[in-house]
Amino acid sequence: MTDATALTPATRARSLPKVKGRAVVMTLYLLFLMLPIYWLLNMSLKTNAEILGSFSLWPQNLTFENYVTILTDEAWYMGYVNSMIYVVMNTVISLAVALPAAYAFSRYNFLGDKHLFFWLLTNRMAPPAVFALPFFQLYSSIGLFDTHIAVALAHCLFNVPLAVWILEGFMRGVPKEIDETAYIDGYGFGRFFVKIFMPLIASGIGVAAFFCFMFSWVELLLSRTLTSVDAKPIAATMTRTVGAAGVDWGVLAAAGVLTIVPGALVIYFVRNYIAKGFALGRV
Amino acid sequence: MQQKTTNHKAWFLVLPVLVLVAFSAVIPLMTVVNYSVQDTFGNNQFFWAGLEWFQEMLSDERMWNALQRQLMFSGIILAIEIPLGIFVALNMPKSGFWSSFCLVVMSLPLLIPWNVVGTIWQIFGRVDIGLLGYTLDALGIDYNYTQDTISAWITIIVMDVWHWTSLVALLAFAGLKSIPDAYYQAARIDQANRWKVFRFIELPKMMGVLMIAILLRFMDSFMIYTEPFVVTGGGPGNATTLLSIDLVKMALGQFDLGPAAAFSLMYFLVILLISWVFYTVMVNLDKKGM
């Protein structure tokens, strides 16, 4: 310990509360986070008879039957496919429109820019419940009801402002001299933006994509309201487990576990940028 | 901060966003405004009703009660999540494997679809099959979130703390990481104690990100719908019927378009107003270079 402090006095100053205390706090907190998820996983590996019949901390007769049910029934697995389709569509659309806009906000003053920026943000603040009914009528009237694109467009309501916000934060950190040098070197705007600027803010684009993915993936109210059969998201499919014979807890838990998987995979890819991303590029 | 040049042609870059958001926000919002000033007797016949619905809603106890519950909910979760999030962030490992490990595990609840969050806690809290409910029951504590108001409230609050505290912690952690070592060295030379380091170095440096955290948590908790709906369905009685749940009941359940629209607009305005205050504070902090 003495050696370490001699080398880095600052580190010691930071860890004034004992290292052990920290570990205990973090362990307790992570345990609090994992317990409910573990319980879901636990239930998904049990049969319904076991879930209702006895109480045990882990499955006594391990079974994958619940997962088999989901992965072999088209009505079930299409829910995942539908969700993935509109989530990806939404992410692509959001980023495509947000990139140039964020560049404009980060580089130029223009008429009404501050009001526009705040107005965009207000859409992130709009409760989906307010928009559920009008969206339903709007998309029905233009014949897009129950399509993936309808949900993708509806989710743009909150994802586009968010993407603009995040990207603007990242772009602000890129020195303006780079733009100017590129223009002097004869780059046009399009070529400069794609060839030079986008690689510079690659991490920002990744983070913005992650957030669009996340908020589109977790949203239920709008996606459920705008679909009936063909584009039904997995979240809405899960209500199927409530039948005449009561709730099929095992399948419900298995479906829940499967919805956590894509998120867990995506987190892994952006793990180094999570902190910066959550600060919306502002740290 | 960098100097920006004035260039009105930048509007062309913003245009796609403008068109898209106008399509997905302005048109629906105008529909809501339309409904809020009209009355209908079916058959798509509408009559001008003026501000009648607004007056009706304002004198309706149902909305005031929902608003009260909503304010209570948002207040409680902010009071728990912000301090707890800061506390967790202060205790996180600063670098290395355990730091990334904590980051990944903590982000996990944020990426779970909201109805699954509801489902997880619905199961977890059940007295017959859930770990939490079963344990509390075995300890002799009277706990039943479907029938008891207090239990229902505790369940949805603990659920929200479980779901979102990590967001606050991650933001605070990002703020902490941006503090240069020199600050801590200076504090050591001055022999500042732990509390003073927190109060005069860490807290001011975290202020910017904390404002973002408060803004996000306030907005999202104020429009929360799915999670409490899945767990309690707004019950027992109306005990956990928050604003969004009440609104969806009114608009899609009973199809009372006029009152629901008036309700929507007032609901949106309240959020806008409070968010605007936060936003102004945040922009000012940004300007000061925090």
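**Q** Before we go on, may I ask you to explain the interface of chain B and chain A in this structure?
**A** Accessible area lost when the parts come together is the quantity often used to give the size of an interface. Each partner contributes to the interface: chain B provides 106 residues, whereas chain A provides 102 residues. When the two sides are added together, the surface that chain B and chain A hide from each other amounts to roughly 9600 Å², 78% of it contributed by carbon and sulfur. It is Leu13, Leu111 and Ile129 of chain B in chain B that bury the most area against chain A; as a group they hold 7% of the surface buried on that side. Viewed at the interface, chain A and chain B are joined by 14 residue pairs in polar contact (both at pLDDT 80 or more). Per-element accounting of the side of chain B that touches chain A gives the leading share, 19 residues, to helix 1 (residues 11-36) of chain B. Of the residues contributing to the side of chain B that touches chain A, the split by class is 75 nonpolar, 22 polar and nine charged. When strand 1 (residues 108-109) of chain A meets strand 1 (residues 5-6) of chain B, the two strands line up parallel, connected through two bridges. Paired with Asn109 of chain A across the two strands is Thr6 of chain B, which belongs to strand 1 of chain B.

**Q** Explain the environment of Val251 of chain A here, please?
**A** Along the chain, Val251 of chain A falls in helix 15 (residues 249-269). A sequence separation of 183 residues divides Val251 of chain A from Val68 of chain A, and the C-alpha atoms of the two residues are 9.4 Å apart.

**Q** Please explain the nonpolar core as it appears in this structure.
**A** Nonpolar side chains in soluble globular proteins generally cluster together in the buried interior. One finds Phe135, Val164, Leu167 and Met171 of chain A together with Met106 and Tyr267 of chain B to be the most contacted residues of the largest nonpolar core, which totals 196 residues. With 16 residues, the top contributor of residues to this core is helix 9 (residues 148-172) of chain A. Once you skip the residues sitting within four places of it in the chain, Phe135 of chain A turns out to touch Ala154, Leu157, Leu222 and Leu226 of chain A together with Ser24 and Pro28 of chain B.

**Q** Sorry if this is basic, but what is going on with the domain arrangement of chain A here?
**A** Residues and elements named next belong to chain A. Split into domains, chain A comes out as domain 1 (2-44) and domain 2 (72-278). When domain 1 packs against domain 2, close to 460 Å² is buried across both sides, 90% of that on carbon and sulfur atoms. Of all residues in domain 1, Leu40, Met43 and Ser44 give up the largest surface area on contact with domain 2, accounting jointly for 79% of the area buried on that side. At the surface where domain 1 touches domain 2, the tally comes to zero residue pairs in polar contact (both at pLDDT 80 or more). Tallied by class, the residues present in the side of domain 1 that touches domain 2 amount to four nonpolar, one polar and no charged.

Cut-off values and rules
- Residues numbered from 1 in each chain as written.
- Chains lettered and ligands numbered in written order.
- Predicted model: local features only at pLDDT ≥ 70, side-chain atom pairs only at ≥ 80, totals over all residues.
- Heavy atoms only, no water.
- Contact = heavy atoms within 4.5 Å.
- Buried area = accessible area lost by both parts, 1.4 Å probe.
- Polar contact = N/O pair within 3.5 Å; in protein donor to acceptor, adjacent residues only side chain to side chain.
- Helix = DSSP H or I, 4+ residues; strand = E, 2+ residues; numbered from the N terminus.
- Nonpolar A, V, L, I, M, F, W, Y, C, P; charged D, E, K, R; others polar.
- Pairing = 2+ DSSP bridges.
- Core = buried A, V, L, I, M, F, W, Y, C linked by side-chain atoms within 4.5 Å.
- Buried < 20%, exposed > 50% of the residue type's maximum accessible area, 1.4 Å probe, protein only.
- Domains from an automatic or database assignment.

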